[in-house]
Amino acid sequence: MPTCEILCNALGAGVDAGALSAKAATVVAQLLSKPLGYMMAYVTVNPSLTVGGTDAPAAYVSIASIGAVGGPKNGAIVAEMTGFISRELGIQPERIFVGIRDMPASDFGHNGKTFA
């Protein structure tokens, strides 16, 4: 069950957080070759987010997955998610950070049980 959390300090005019979550879920599912039905994505707007000491538009994307990440795959994931956020929110790439975690199946749960 991959997750994608997008934390940003502002949404551009006309940007809908729900629509952005749905688009992000589709992008990440494709990047990780995981079924969209297992994807979870959400957007959090927190005006207190600062990068480099300023509150200019910025974002942090956190992706967690059981497998399908790590090593050379991460470079492609970071590049694609940076481009996605930049296009969708108009944030400069140098103000976008992406974190990627490979979660052990025993540390991820759904429907009352872990994936292990």
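Our structure is the block above this text.
What this report covers is the structure whose coordinates are included nearby. In this text, all values refer to a predicted model and were calculated from it rather than measured experimentally. (Residues numbered from 1 in each chain as written. Predicted model: local features only at pLDDT ≥ 70, side-chain atom pairs only at ≥ 80, totals over all residues. Heavy atoms only, no water.)

## Points about the overall build of the chain
Using the following cut-off: In this text, helices come from DSSP runs of H or I with a minimum length of four residues, and strands from runs of E with a minimum of two, each type numbered from the N-terminal end. For the radius of gyration, the atom set is restricted to C-alpha positions; the globular benchmark scales as 2.2 Å times the number of residues to the power 0.38. Using a 1.4 Å probe on the protein chains alone, a residue whose accessible area is under 20% of its type maximum counts as buried, one over 50% counts as exposed, and one in between counts as partly exposed. Any pair of residues with heavy atoms lying within 4.5 Å of one another is described as a contacting pair. To measure how exposed things are, a 1.4 Å probe is used in the Shrake-Rupley method; for residues, cover is taken only from the protein chains shown. Asp and Glu count as negative and Lys and Arg as positive, but His and the ends of the chain are not part of the count. A single reference atom marks each charge: NZ on Lys, CZ on Arg, CG on Asp, CD on Glu.
Secondary structure assignment for the chain yields two helices and six strands. Listing each helix as α and each strand as β along the chain from the N terminus yields β-α-β-β-α-β-β-β. For the chain, the C-alpha radius of gyration of 14 Å lies close to 13 Å, the compact-globule estimate for 116 residues. A burial count over the chain gives 35% of its 116 residues as buried. For the chain, the proportion of contacts with a sequence separation of at least 24, taken over those separated by at least 6, is 75%. For the chain, the accessible surface area stands at approximately 6,100 Å², while carbon and sulfur atoms represent 56% of it. A gap of 8 Å separates the mean positions of the 7 positive and 8 negative side-chain charges of the chain.

## Quick look at the pairing of strand β3 (residues 59-65)
Selection rule: Between any two strands, pairing holds if DSSP finds at least two bridges.
The element β3 is extensively covered by neighbouring structure, given that six of its seven residues are classed as buried. The pairing of strand β1 (residues 3-8) with β3 spans six bridges and is classified as antiparallel. Looking at the pairing, Cys4 lines up with Ile63 of β3. As paired elements, β3 and strand β4 (residues 96-102) share seven bridges and run parallel to each other. Note on β4: the bridge partner recorded for Ile63 is Ile100.

## Structural notes on helix α2 (residues 73-89)
For the record, the criterion: How far a helix is expected to stretch is found by multiplying one less than its residue total by 1.5 Å.
For α2, spanning 17 residues, the distance from its first C-alpha to its last is 24 Å, which sits close to the expected 24 Å at 1.5 Å a residue. Residues Ile77, Met81, Thr82, Gly83, Phe84, Ile85 and Leu89 constitute the buried set of α2. On the buried face of α2, the contacting elements are β1, α1 (17-32), β3 and β4. With its phi angle positive at about 70 degrees, Gly90 sits one or two positions after the end of α2.

## Overview of the packing of α1 against α2
Inclusion rule: Helix axes use the C-alpha atoms of the stretch in contact, all axes being lines fitted to C-alpha atoms, and the angles between their N-to-C directions lie in the range 0 to 180 degrees. Should an angle fall under 35 degrees it is taken as roughly parallel, and over 145 as roughly antiparallel, whereas 65 to 115 is taken as roughly perpendicular and any remaining angle as oblique. Helix crossings get a hand from a simple test, with the near helix turned counterclockwise from the far one by less than a right angle marking a left-handed crossing and a clockwise turn marking a right-handed one. Polar here means any residue other than Ala, Val, Leu, Ile, Met, Phe, Trp, Tyr, Cys and Pro, which are nonpolar, and Asp, Glu, Lys and Arg, which are charged; Gly is therefore polar.
Relative to each other, α1 and α2 sit at 160 degrees, their axes nearing to 11 Å. With respect to α2, the axis of α1 lies roughly antiparallel. In this structure, α1 meets α2 at a crossing whose hand is right-handed. Contact with α1, carried on its side by Leu20, Lys23, Ala24, Val27, Val28, Leu31 and Leu32, involves Ile77, Glu80, Met81, Phe84, Glu88 and Leu89 of α2 and no other residues of that element. Looking at side-chain class alone, the contact of α1 with α2 contains ten nonpolar, no polar and three charged residues.

## Section: the nonpolar core
Stated formally: We call a set of buried residues a nonpolar core when its members are Ala, Val, Leu, Ile, Met, Phe, Trp, Tyr or Cys and they connect through side-chain atoms within 4.5 Å of each other.
In this structure, Cys4, Ile6, Ile63, Met81, Phe84 and Ile85 are the most contacted members of the largest nonpolar core, which totals 23 residues. Here this core takes seven residues from α1, the largest share from any one element. Setting aside residues up to four positions removed in sequence, Ile63 forms contacts with Thr3, Cys4, Val28, Leu32, Ile77, Met81, Gly99, Ile100 and Arg101.

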